[in-house]
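An overview of the molecular structure
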Amino acid sequence: MSGFETREAQKPGRTTSAYDWDFLVQDDRVHRSIYADPEIFAAEMTHIFGKTWVYIAHESEVAKPNDFVTRKLGLRPVIVVRDSDGRLRVLYNRCTHRGTTLCRQERGSARNFQCPYHGWNFGNNGKLRGVPWPDGYTQDIRDERFNLAQVPRVQSYRGFIFATLNMDAPDLLNWLGPITRPIDEWLDRNPGGKIVVCEANRFKYKGNWKLAYDNSSDGYHVIYSHRSLIETENRMTAEPNKGMAYYKNSPDSLAMYVQYMGNGHHFKDKRPNLQPRQGGLWALESLHPGMEYYESEFRSRYGERADSLLDLAGSEPVNINIFPNLSLLGNHIQVFEPVSVNETNAVWYGTRIEDVNGDIGDALEGINALRMRTQEGFPNFGEVDDLANFEQIQRGLDCLEDEWIYMNRGYGLPDRIKHNADGTISGPATDEVFMREYIKEWKRLMSGPAHLTIQREP
Ligand code: FES
Ligand SMILES: [Fe+2]
């Protein structure tokens, strides 16, 4: 990469070879310790949240030079910044003097970051600009070892920024592979193929981060875990077919499906359940206060255009899960942030659209208001069901002698799973094939070596 001259490789010796990975991850089950062992969690912070690409922020959050947000790469605090020259960087949020957190704000705009402890001052390209009373040093404080550490590889795919500490990781586009198709479709239904990330609903749960990733394409739990939400959504409707009601009766006989997309990514596609017409997406949207008013206003103001405009507010029925920490679903972006072996943050960012082509006009505000109301639907009333399950699983993991977690639904049934020409694997909506496949990628990353690298500006 240009602009960097130094590399600091992690000391060799951080190895996971003491574990019997083939015992811990088997074809149809995994051992409780992969969710409960603090040492495995510590290794994940290197072998997963370091060695592979990790979602770190969206470009709309750092749209202009000097914009920044503070995030975590695994447990490492980082500053995602568009520097004064417009280049995206992921700086370690750690002062090189004595190691304190340099920037303590969630977001903002800054040309410099001044350390709150002793006042060392860094440019937003990571270079140390100055220290108080420099005549107190015999060493040259312009030496590059005093510049902030940086993540060496930062790449975006259509606005989604990923970072890795692994110089040998494949190019981002190759690593995403076939999951780019649903990402493209999720974006391209919006004007200009664009979304802008808004503020978030922030949840946390007392459970391992993988419990959320296991669940994010799980079609087996929906009708049981989310029964109260589905009943609420359909209580006032003439036809009880709103929200996720298509999971009632026999979900595996419907056209929706789950698909393993390679490199740990998986996908649940419920769009085949929709009526293929303008307004078909909106027709599925569950009732929420104020919605009828907006809908009747749209119909009287925009006539025949109303259906396609309302579809722009509807929740896209997909779960696009990008290993290890990003999920695109409905109108939302969910990010999983590991905190400890049994604590995770689950953050749901809302999104709005822009009138990129100038053909939405004064309907834009109404569409974005309705999109924000959808942010109050599943994230507030469905996510809590899922988090309760994750916490209860973590309690079950304390039963030391009862060791196994099964991912065996569909396993070994002939003709149930399809191996597709692009290398993806699909199955019916309630199958656990995506779990069995993604955990193999987790095992591959965990059992191999991890050579991580940081860099500093010269
Ligand atoms: S720790 Fe930052 S200036 Fe001392
Ligand atoms: Fe769920």
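Going along each chain's sequence as written, the residues are numbered from 1 onward. Labels are handed out in written order, letters beginning with A for the chains and numbers beginning with 1 for the ligands. Per-residue local features are limited, in this predicted model, to residues with pLDDT of at least 70; the limit for side-chain atom pairs, both in listing and counting, is 80 or more; totals at the level of whole chains, interfaces and linings are taken over all residues.

Attention now goes to the overall build of the chain. In terms of regular secondary structure, the chain is built from 15 helices and 23 strands. When we talk radius of gyration, it's over C-alpha atoms, and the globule rule is simply 2.2 Å times the number of residues to the 0.38. By the compact-globule yardstick of 23 Å for 458 residues, the chain fits well, its C-alpha radius of gyration being 24 Å. The C-alpha extent of the chain, read off along each of the three principal axes, is 80 × 60 × 40 Å. Counting only contacts in the chain whose residues sit at least 6 apart along the sequence, the fraction spanning at least 24 positions is 67%. Helix and strand definitions here come from DSSP, where helices need a minimum of 4 consecutive H or I residues and strands a minimum of 2 consecutive E residues; each element is numbered from the N-terminal end. Contact between two residues is assigned when their C-beta atoms, built from the backbone, lie within 7 Å.

In this description, a nonpolar core means buried residues of the types Ala, Val, Leu, Ile, Met, Phe, Trp, Tyr and Cys, linked to one another by C-beta atoms lying within 7 Å. Residue burial is a threshold on neighbouring C-beta atoms within 10 Å of the residue's own C-beta, all placed from the backbone, with 20 or more meaning buried, 12 or fewer meaning exposed, and counts in between meaning partly exposed. Ranked by size, the top nonpolar core spans 99 residues in total, and within it Ile-56, Val-80 and Val-90 carry the most contacts. Per element, the largest residue contribution to this core is eight residues, and it comes from helix H15 (residues 433-447). Per the annotation, domain bounds derive from an automatic or database assignment of domains. When we break this core down by domain, the ones giving at least three residues each are domain 1 (53-165) and domain 2 (178-446). Filtering out sequence-adjacent residues up to four positions away, Ile-56 remains in contact with Arg-71, Leu-73, Val-80, Val-90, Ile-161, Phe-162 and Ala-163. If you look at the next biggest cluster of nonpolar residues, it comprises seven residues, including Val-222, Leu-229, Ala-245 and Tyr-247.

The next subject is the sheet that holds strand E11 (residues 153-157). With antiparallel pairing, the three strands of this open sheet are ordered in space as E3-E12-E11. Each having just a single partner strand, strand E3 (54-58) and E11 make up the two edges of the open sheet. Here the average twist between neighbouring strands, direction ignored, is 35 degrees. Any two strands with at least two DSSP bridges between them are considered paired. Across four bridges, E3 lies against strand E12 (residues 160-164) in antiparallel orientation. From the neighbouring strand, Val-54 faces E12, where its bridge partner is Ala-163. Here an axis means a line fitted to C-alpha atoms, over the contact stretch when the element is a helix, while the angle between two N-to-C directions is reported on a 0 to 180 degree scale.

Quick look at the pairing of strand E15 (residues 265-269) now. Counting buried positions along E15 gives five out of five residues, so the element sits mostly inside the fold. The alternating pattern of E15 places His-265, Phe-267 and Asp-269 on one face and His-266 and Lys-268 on the opposite face, and all of these are buried. Pairing analysis gives five bridges linking strand E14 (residues 257-262) to E15, with the strands arranged antiparallel. Residue Tyr-260 lies in a different strand from E15, and its bridge partner there is His-266.

Right, let's get into helix H3 (residues 38-47). Buried within H3 we find Phe-41, Ala-43, Glu-44, Thr-46 and His-47. Those residues of H3 hidden inside the fold are in contact with strand E18 (332-340) and H15.

The next thing to look at is the sheet that holds strand E8 (residues 112-114). Taken in spatial order, the three strands make up an open sheet running E8-E9-E10, and their pairing is antiparallel. Among the strands making up the open sheet, the edge pair consists of E8 and strand E10 (128-130). Within this sheet the neighbouring strands show an average axis-to-axis angle of 35 degrees, counted without direction.

It is worth spelling out the domain arrangement of the chain at this point. Domain parsing of the chain yields domain 1 (53-165) and domain 2 (178-446). Computed over C-alpha atoms only, the centres of domain 1 and domain 2 are separated by 33 Å. Between domain 1 and domain 2, the contact holds nine residues from the first and 12 residues from the second. The element contributing the most residues to the side of domain 1 that touches domain 2 is E3, with three residues. Classifying every residue of the side of domain 1 that touches domain 2 by side-chain character gives three nonpolar, three polar and three charged. Residues were grouped as follows: Ala, Val, Leu, Ile, Met, Phe, Trp, Tyr, Cys and Pro as nonpolar; Asp, Glu, Lys and Arg as charged; and all remaining residues, including Gly, as polar.

Moving on, we get to the pairing of strand E16 (residues 318-322). Among the five residues in E16, five count as buried, and that is most of the element. The side-chain alternation of E16 yields two buried faces, one formed by Val-318, Ile-320 and Ile-322 and the other by Asn-319 and Asn-321. Two elements, E15 and E16, share four bridges in a ladder whose sense is antiparallel. The residue of E16 that forms the bridge with Lys-268 is Asn-319. Of the strand pairs in this sheet, E16 and strand E17 (residues 326-329) are connected by four bridges, and their pairing is antiparallel.

Angle between the axes and distance between the axes are the two parameters that describe a pair of packed helices. Packing of helix H10 (residues 291-302) against helix H12 (residues 364-374) brings their axes to within 11 Å, and their N-to-C directions diverge by 155 degrees. Between H10 and H12, the angle is such that the two are roughly antiparallel. Judged by the twist between their axes, the crossing of H10 over H12 is left-handed. Contact residues: Met-291, Tyr-294 and Phe-298 in H10; Gly-366, Leu-370 and Arg-373 in H12. Split by residue class, the contact of H10 with H12 holds four nonpolar, one polar and one charged. Relative orientations are named as follows: roughly parallel for angles under 35 degrees, roughly antiparallel for angles over 145 degrees, roughly perpendicular for angles from 65 to 115 degrees, and oblique for any other angle. Definitions for this section: a left-handed crossing has its near helix turned counterclockwise from the far helix by less than a right angle. A right-handed crossing has that turn clockwise.

With that out of the way, let us pick up the environment of Tyr-302. If you trace the backbone, Tyr-302 turns up in helix H10. Among the residues examined, Tyr-302 registers 18 C-beta atoms within 10 Å and is labelled partly exposed. With 277 residues separating them in the primary sequence, Tyr-302 and Val-25 have C-alpha atoms 55 Å apart. Non-local contacts of Tyr-302, meaning those with residues more than four positions away in its chain, are made with Leu-309 and Ala-363.

Within the fold, Thr-351 resides in strand E19 (residues 343-352). By C-beta crowding, Thr-351 is classed as buried, having 23 other C-beta atoms within 10 Å. The spacing of Thr-351 and Ile-195 is 156 residues in sequence and 6.1 Å in space, taken between C-alpha atoms. Those residues in contact with Thr-351 that lie beyond four places of it in its chain are Ile-195, Val-196, Val-197, Cys-198, Asn-331, His-332, Ile-333 and Arg-371.

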